[in-house]
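Chain residues, written in single-letter form:
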Amino acid sequence: QVQLVESGGGLVQPGGSLRLSCAASGSIFRIYNMNWYRQAPEKQRELVAAITNDGITNYANSVKGRFTGSRDNAKNTVYLQMNSLKPEDTAVYYCNARVATTPTTLPSNYWGQGTQVTVSS
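It should be emphasised that the depicted structure is a prediction, and the values quoted were computed from it without experimental measurement. (Residues numbered from 1 in each chain as written. Predicted model: local features only at pLDDT ≥ 70, side-chain atom pairs only at ≥ 80, totals over all residues. Heavy atoms only, no water.)

Draft legend 1. Quick look at the state of the cysteines. Per the stated rule, a full pass over the model turns up 1 disulfide. Across the disulfide, C22 is cross-linked to C95 (sulfur-sulfur distance 2.1 Å). The sign of the -80° torsion about the S-S bond sets the C22-C95 disulfide as left-handed. Of this pair, C22 sits in strand β3 (residues 18-26) while C95 is found in strand β9 (residues 91-100), placing the two residues 73 residues apart along the sequence. Using a relative accessible area of 0% as the deciding quantity, one classes C22 as buried. In this structure C95 comes out as buried when scored by relative accessible area, which is 0%. (Disulfide = S-S within 2.5 Å. Helix = DSSP H or I, 4+ residues; strand = E, 2+ residues; numbered from the N terminus. Buried < 20%, exposed > 50% of the residue type's maximum accessible area, 1.4 Å probe, protein only.)

Draft legend 2. Examining the pattern of salt bridges more closely. This structure, assessed with the given rule, holds 3 salt bridges. Among the ionic pairs, D89 bridges to R38, the shortest N-O distance being 3.0 Å. Pair noted here: D89 is in the loop between β8 (77-82) and β9 and R38 is in strand β4 (residues 30-39), with a separation of 51 residues, a long-range link. Since its relative accessible area comes to 0%, D89 is described here as buried. On the basis of relative accessibility, which here comes to 6%, the residue R38 falls in the buried class. Measuring nitrogen to oxygen at the nearest pair gives 2.8 Å for the salt bridge that ties R66 to D89. (Salt bridge = Lys/Arg side-chain N within 4 Å of Asp/Glu carboxyl O.)

Just distances and angles here, no functional claims.
As structure tokens, then:
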């Protein structure tokens, strides 16, 4: 089994910054993409940032230039640096990872429990 644990959420004023972390643990053979999603109240969950195991990143248009994703493969950890935060960034942020638990099993998707980010004055 694989566990993803997020941290770093909280309340911040517009224009402020937060850094989210997500650490994977458990029966891990290889981690492929590690991603950040978010879900605002009454909205669908959306992909915010995707980070390959080579560190290549892709972002939603709404966060380009403000958010930066990165990962530390040695620590099985992915980060999301969020700058110039706006009220519309308020959401629960979820970590997602595609993980193979053995050399012969196909990778599966795993999710963290989510961390609340609230941008408000």
